[in-house]
Amino acid sequence: MKYLGILLLTFLSFDVNAQELFVMTEPASNMPAGSIGIRNTNMITFKNDGGTNYHNMPEVMWGVDRNWMIHATAFMNNRQGNLMFQGGSLYAKYRFFSSDDLHSHFRLAAYGRVSTNNAPIDQEEIETMGMNSGYETGLVATKLINKTAISSSISYERALNNNTHQFPDNQGNSAMNYTLSIGQLLHPKEYTSFKQTNVNAMVEFLGQRLNQNGKSYLDVVPSLQFIINSQARVDLAYRHQIYSDINRIASNSVLIKLEYTFFNVTN
Amino acid sequence: MKNINLKSILIAAFVLIASTNSYSQISKAEIIATGLTCSMCSNAINKQLKSMAEVESVSTDLNTNTFTVTLKDNNAVTPNILKESVEKTGFFIGSMVLTMDLGNVQVAENQKVERPSGTYIFVNNSTKTGPIKVQVLNDGFVTKKEFKKSAKLQAKFAQATANENTYLIKSI
């Protein structure tokens, strides 16, 4: 009940962007310079040994200039009983190449993340977005062709000790991640106003391979995105494990993500 | 008596000069942006243009990504300022057509016109007077494809357009 309340309260974030505003990954494009976005991700994970966990991740995003973006995220979950604050993360992205044409573009960006987490380490999967202290650095490429967007990223992720919890010696502490995301603008077929609701369908593939032992997993995330009034964005996603030989607390999860952007705040 | 007359003449002259200067400003800009499809991206550009003090109003065609920007009287806007505004949002310009009144100017090929909003060099002839529509042909104001197509033309005027706030324009 408490969680439903939080869910409803957080139903106040919206997002800009459309078919390349993927749910699980960031595209190579940036927010407009000087804009600030607030985002909230709500996730229910289905544990492999039964039961569920609830995760809540509020995030603030800042378009520093046309090429730089910075995000700050807080992690909360109820893995240890009550919903509590577990850690946070800082993320920066730099768009270093952009080639645009009518209704199309190709962009490249580099990104990095540092995270801190104070929860015990109970799985082999490395996830600096909410589970592990550590860092991640990678490259992302995004192509937009009319109403279709394709994005792919590759990154290196390294887990460190979760503050007082030592990282287990017998687990791989670094991984390569690879993603492929495809999004399609389904509605409207033709625009008549900013007030029309946009509907995007997306499917993303997220993979991880631990460097030390070669164990890996591959997930697929289909999602539906509604953009209301060219201001509000609501994402509904289901993350499903295709295969894994990595030990994970949860293989599947559902997610609701909301975001709102304030334009021209710092410029 | 004489002083008042002189004062009035000076004021009248000043007003005349000031009013002729206002004809050199850009009154409207039709901008086609590149790199986007969705209405939220258009909204970002729409809001960025509207936030400029010199902008009177912006009307958007969401299907062609065309932004018609009406500027206030006596504005100090240059084509570069408009380009910067769009690029700040993360997108680029595919086409920019300006409506300006250059006054009594002989619009001929290679004709250079200097105004407060910039230096303009015509690539074609035109027999119009009063407010005219011109397309800016500089790099960054047309699509990459268009720029490549006009390579010969660009090379001809390369030295001139290398100067600050100098624009190659085509009367349309």
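Structure shown above.
Participant: Any details on the overall build of chain B? Residues and values, ideally.
Facilitator: Helix and strand content of chain B: six helices and eight strands. When the helices and strands of chain B are placed in sequence order, the string is α-β-α-β-β-α-β-β-β-β-α-α-α-β. Split into buried and exposed, the 172 residues of chain B put 49% on the buried side. A sequence separation of at least 24 residues applies to 66% of the contacts in chain B between residues at least 6 apart. On chain B, roughly 8,800 Å² of surface is accessible, and the fraction owed to carbon and sulfur atoms is 55%.

Participant: Describe the side chain of A:S155, and please don't skip the residues or the numbers.
Facilitator: Residue and element names in this part refer to chain A. Position of S155 among the secondary structure elements: in strand β7 (residues 148-159). A relative accessible area of 3% places S155 in the buried class. Look past the residues within four positions of S155 in its chain and what remains in contact with it is Y111, E136, T137, G138, A175, M176 and N177.

Participant: How would you summarise helix α3 (residues 79-88) of chain B if you had to cite specific residues and measurements?
Facilitator: Residues B:P79, B:L82, B:K83, B:S85, B:V86 and B:E87 constitute the buried set of α3(B). Where α3(B) is buried, its residues meet β1 (26-34), α2 (39-50), β4 (92-101), β6 (118-122) and β8 (166-171) of chain B.

Participant: Account for the pairing of β7(A), with residues named and values stated.
Facilitator: Residue and element names in this part refer to chain A. Judged by which residues are buried, β7 turns out to be one-sided: A149, S151, S153, S155, E157 and A159 face inward and are buried, whereas T148, I150, S152, I154, Y156 and R158, on the alternate face, are not. By the bridge criterion, twelve bridges tie strand β6 (residues 134-145) to β7 in an arrangement that is antiparallel. Across the sheet, residue G138 finds its bridge partner in β7, namely S155. Between β6 and β7, which pair antiparallel in sequence order, lie two residues; one of them, N146, sits at a positive phi of approximately 50 degrees. Pairing of β7 with strand β8 (residues 174-187) involves eleven bridges; the strand directions are antiparallel. By the bridge assignment for β8, S155 is matched with N177.

Rules and cut-offs
- Residues numbered from 1 in each chain as written.
- Chains lettered and ligands numbered in written order.
- Predicted model: local features only at pLDDT ≥ 70, side-chain atom pairs only at ≥ 80, totals over all residues.
- Heavy atoms only, no water.
- Helix = DSSP H or I, 4+ residues; strand = E, 2+ residues; numbered from the N terminus.
- Buried < 20%, exposed > 50% of the residue type's maximum accessible area, 1.4 Å probe, protein only.
- Contact = heavy atoms within 4.5 Å.
- Areas by Shrake-Rupley, 256 points an atom, 1.4 Å probe, with all protein chains shown as cover.
- Pairing = 2+ DSSP bridges.

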